[in-house]
Amino acid sequence: MLSKNTIFAILLIFVPLSIAGSLLHWGGTVVFITACLAIIPLAAYMGEATEAIAVVVGPNIGGLMNATFGNATELILAYVALREGFIDVVKATITGSIIGNLLLVMGLSMFLGGLRFKEQEFQPITARLNASAMNLAVVALLLPTAVQFTSTGVGEAVLQRLSVAVAAVLIFVYGLSLLFSMKTHTYLYDVGVAGIEEESTGESTARPKIWFWSLILLIVTIAVAVESELLVASLEEATEQLGLTALFTGVILLPIIGNAAEHATAVTVALKNKMDLSVSVAVGSSMQIALFVAPVLVIMGYIIGQPMDLNFNPFELVAVAVAVWLANSISSDGRSNWLEGMLLLATYTILALAFFFHPLTA
């Protein structure tokens, strides 16, 4: 059976194929599909390079790097789409990343881990803290939409200013969460940190070469930016030919592509009975999307003249609220089994079907 690293290495062939497809005009659908497949291994190597550098620079700076670059692929992809004016797709991608991590990643991890081990445990205190942070994210996404629906004469400029203010609060809270996890209450996260270092370094005792991994990080980041450009440029043509709506593409397809490496990591460590690390990867990624990536995109959009507010499609908000509520309910006791994993997966499948049949809205 092919290992995770072997699969990622094979998928690298789609990097030159996608570039060739764009230059030789093979069609939007071909470029879109090959660019999607190319981003998967690039995201994996970006995460590997970040974690290797984090081992060298120490827990404080390393933790900050992991927190900053943890969703760099999604941020780059969303920024390119935002710059090109695909604001609804960007919003959908934010929604999809949150529900994908909470339902698909955590569900798959709990299901497969539960098949190998009858019951798995993780820290309930950390789970409850993460639940509170995700509840804040739901409130932050819900209120601008509620203001728009419950008031008359609220213009886009007002919603934009409200969204920028909310974004500033979320980034501040995200900074406090880093201070909490890396400084004042590190003991709550010791298991997760140790697991990340072990997964990064493997069984080798040699310290990674920082210059080598820094170069890899630079090259991969540039490659992700190039592939994001190709993907976004072919997005409209490809979705039309494939019969997909922008909503389904943003909520389901793009988050799976951008988070594929994290998905693989979470499932792999769950199969090794390291559910603390698996839950940390899944929920931590959702928190970073909600408290950091989304607010940064709002502020970036304001700066570059592509105003993006936090007034989301109500159906997307329902999906986020359902995902957060169910994930919090299942993880609150610090234990998991295969049935709980299946419940999360079934919920994600139902939501995916709903988004697939949801008509395209303005």
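Keep in mind the model is a prediction, meaning the values are calculated, not measured.

Thresholds, definitions, all that
Residues numbered from 1 in each chain as written. Predicted model: local features only at pLDDT ≥ 70, side-chain atom pairs only at ≥ 80, totals over all residues. Heavy atoms only, no water. Helix = DSSP H or I, 4+ residues; strand = E, 2+ residues; numbered from the N terminus. Buried < 20%, exposed > 50% of the residue type's maximum accessible area, 1.4 Å probe, protein only. Contact = heavy atoms within 4.5 Å. Expected span 1.5 Å × (residues − 1). Polar contact = N/O pair within 3.5 Å; in protein donor to acceptor, adjacent residues only side chain to side chain. Salt bridge = Lys/Arg side-chain N within 4 Å of Asp/Glu carboxyl O.

### Quick word on the overall build of the chain
- What the chain contains, in helices and strands, is 16 helices and two strands.
- Across the 362 residues in the chain, those meeting the buried criterion constitute 50%.
- Taking all contacts inside the chain whose residues are at least 6 apart in sequence as the whole, residues at least 24 apart take part in 86%.

### Digging into helix α15 (residues 314-331)
- Its 18 residues place the ends of α15 26 Å apart at the C-alpha level, agreeing with the 26 Å of an ideal helix rising 1.5 Å per residue.
- What α15 keeps buried is the set Glu316, Leu317, Ala319, Val320, Ala323, Val324, Leu326, Ala327, Asn328, Ile330 and Ser331.
- In the core, the buried residues of α15 are packed alongside α6 (87-116), α7 (124-150), α12 (246-258), β2 (335-336) and α16 (338-357).
- Capping the start of α15 is the job of one residue whose side-chain oxygen sits 2.8 Å from the backbone nitrogen of Phe315: Asn313.

### Thoughts on the pattern of salt bridges
- Scanning the model with the defined rule gives five salt bridges in all.
- Put simply, Arg83 and Glu84 hold a salt bridge, and the shortest N to O gap is 3.4 Å.
- With a relative accessible area of 32%, Arg83 lands in the partly exposed category.
- We note a salt bridge from Glu121 to Arg335, for which the minimum N-O separation is 3.0 Å. On the criterion of sequence distance, the pair formed by Glu121 in strand β1 (residues 120-121) and Arg335 in strand β2 is long-range, its members being 214 residues apart.
- Within the structure, one salt-bridge network assembled from shared partners comprises Arg83, Glu84 and Glu229.

### Some details on unusual backbone geometry
- Of note, the phi angle at His25 is positive, near 60°, even though the residue is not glycine.
- Mapping His25 onto the fold places it in the loop between α2 (14-23) and α3 (28-57).
- The phi angle at Asn273 is positive, at roughly 65°, despite the residue not being glycine.
- Its location among the elements puts Asn273 in the loop between α13 (260-271) and α14 (275-304).
- The exposure class of Asn273 is partly exposed, given its relative accessible area of 38%.

The values reported here are purely geometric and, on their own, carry no functional implication.
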